[in-house]
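The residues making up each chain are set out below.
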Amino acid sequence: NGGEHHRREAREAGFSCLEADLDLGGAAFSPVPVFCGTFAGNGHTIRGISIRRSGTSLGLFRYLGQEALVENLAVEGELKPEGSRKKAGGIVGTNRGTVRGCTFSGTGEALEHLGGIAGINEETGVIEDCVNLAELTGNRRVGGIAGENTGIIRDCRNQGQINGASEGIDEDSGAMNAISVNRE
């Protein structure tokens, strides 16, 4: 039928649409490695996401390409990478595309480049109309929306705590410690 034909074309063009809330129940989640299409959240929520794996550029998506668009999505869960523990965001680790109308809530911990929406928002990256509600703890380059930004951030709000207890992450073990936090 014609509707199926259009849906198939949209998938081939890299269009994904969330049609209901998802609850992952805290199960270990492997992020989408590279995404260059459109992900329409349609105001739905992905709950219970748990990212506790090794690597850099971690989030729901690891990397968003320049042509990528992620919009109208809420993500709830925990972002606590292991290993190098750098470039972590509730929606995306490294953003080169557009993230619009998204929210992250829960907790996040990383050594460096930790943001509620993106770990790093690169030069071509655009983050707009997004909200961070998560509690984020890290040692360097921690921000409610992005840990580091060389792109565009507009009309976003941070309502989460950032290093609220003046704790940081132990560089060797990953445990929370009452250490001096470099707030550069």
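Residues numbered from 1 in each chain as written. Predicted model: local features only at pLDDT ≥ 70, side-chain atom pairs only at ≥ 80, totals over all residues. Heavy atoms only, no water.

Draft legend 1. Representation of the sheet that holds strand β9 (residues 92-95) in the model. Read across the sheet, five strands follow the order β3-β6-β9-β12-β16 without closing on themselves; strand pairing throughout is parallel. Sheet topology places β3 (32-35) and β16 (146-149) at the edges, where each strand pairs with a single neighbour. Mean inter-strand twist for the sheet, computed between neighbouring axes without regard to direction, equals 10°. For β3 and strand β6 (residues 61-64), the ladder comprises three bridges, and the chain directions are parallel. (Pairing = 2+ DSSP bridges. Helix = DSSP H or I, 4+ residues; strand = E, 2+ residues; numbered from the N terminus. Axes fitted to C-alpha atoms, helices over the stretch in contact; angles between N-to-C directions.)

Draft legend 2. Spatial organisation of empty space enclosed by the protein. Summed over all chains, the structure comprises one cavity of 30 Å³ or more. Put simply, the largest cavity is a space of about 30 Å³. Going through the elements one at a time, β4 (38-51) and β7 (69-79) are the ones with two or more residues in the lining of the largest cavity. A per-class count over the lining of the largest cavity returns six nonpolar, three polar and one charged. (1 Å grid on protein atoms, 1.4 Å probe; cavity = no way out; pocket = protein on both sides within 12 Å on 5 of 7 lines; lining within 4 Å. Points joined across faces, edges and corners; volume = space filled by probe spheres on them. Nonpolar A, V, L, I, M, F, W, Y, C, P; charged D, E, K, R; others polar.)

Draft legend 3. Quick peek at the pattern of salt bridges. Under the criterion given, the structure shown has twelve salt bridges. The partner of Arg-47 in a salt bridge is Glu-76, and the shortest N-O contact between them spans 3.5 Å. In this pair, Arg-47 is assigned in strand β4 and Glu-76 in strand β7, connecting sequence segments 29 residues apart. For Glu-76, a relative accessible area of 29% translates into the label partly exposed. One continuous salt-bridge network, built from bridges that share partners, spans Arg-52, Glu-78, Lys-80 and Glu-109. (Salt bridge = Lys/Arg side-chain N within 4 Å of Asp/Glu carboxyl O. Buried < 20%, exposed > 50% of the residue type's maximum accessible area, 1.4 Å probe, protein only.)

Draft legend 4. Representation of the confidence of the model for the chain within the structure. Predicted confidence across the chain gives a mean pLDDT of 85, with 80% of residues reaching 70 or more. Low pLDDT (under 50) marks residues 174-184, which in the prediction has 32 contacts with non-local residues, meaning those over four places away or in another chain. (pLDDT = per-residue confidence, 0-100. Contact = heavy atoms within 4.5 Å.)

Draft legend 5. Focus on the side chain of Glu-71. Its location among the elements puts Glu-71 in strand β7. Taking relative accessible area as the criterion, Glu-71 reaches 18% and is therefore assigned buried. Side-chain polar atoms of Glu-71 contact the side chain of Arg-100, separated by 3.3 Å. With near-sequence residues (within four places) excluded, Glu-71 lies in contact with Phe-39, Ala-40, Gly-41, Asn-42, Arg-100 and Cys-102. (Polar contact = N/O pair within 3.5 Å; in protein donor to acceptor, adjacent residues only side chain to side chain.)

Draft legend 6. Local environment of the environment of His-113. Looking at where His-113 falls in the secondary structure, it is placed in strand β11 (residues 103-115). Residue His-113 is classed as buried on the basis of its relative accessible area of 9%. A C-alpha to C-alpha distance of 4.9 Å links His-113 and Arg-141, two positions 28 residues apart in sequence. For His-113, the residues in contact, after removing those within four places along its chain, are Lys-86, Lys-87, Ala-88, Gly-119, Ile-120, Arg-140, Arg-141, Gly-147 and Glu-148. For His-113, the side chain forms a polar contact with the side chain of Glu-148, separated by 2.7 Å.

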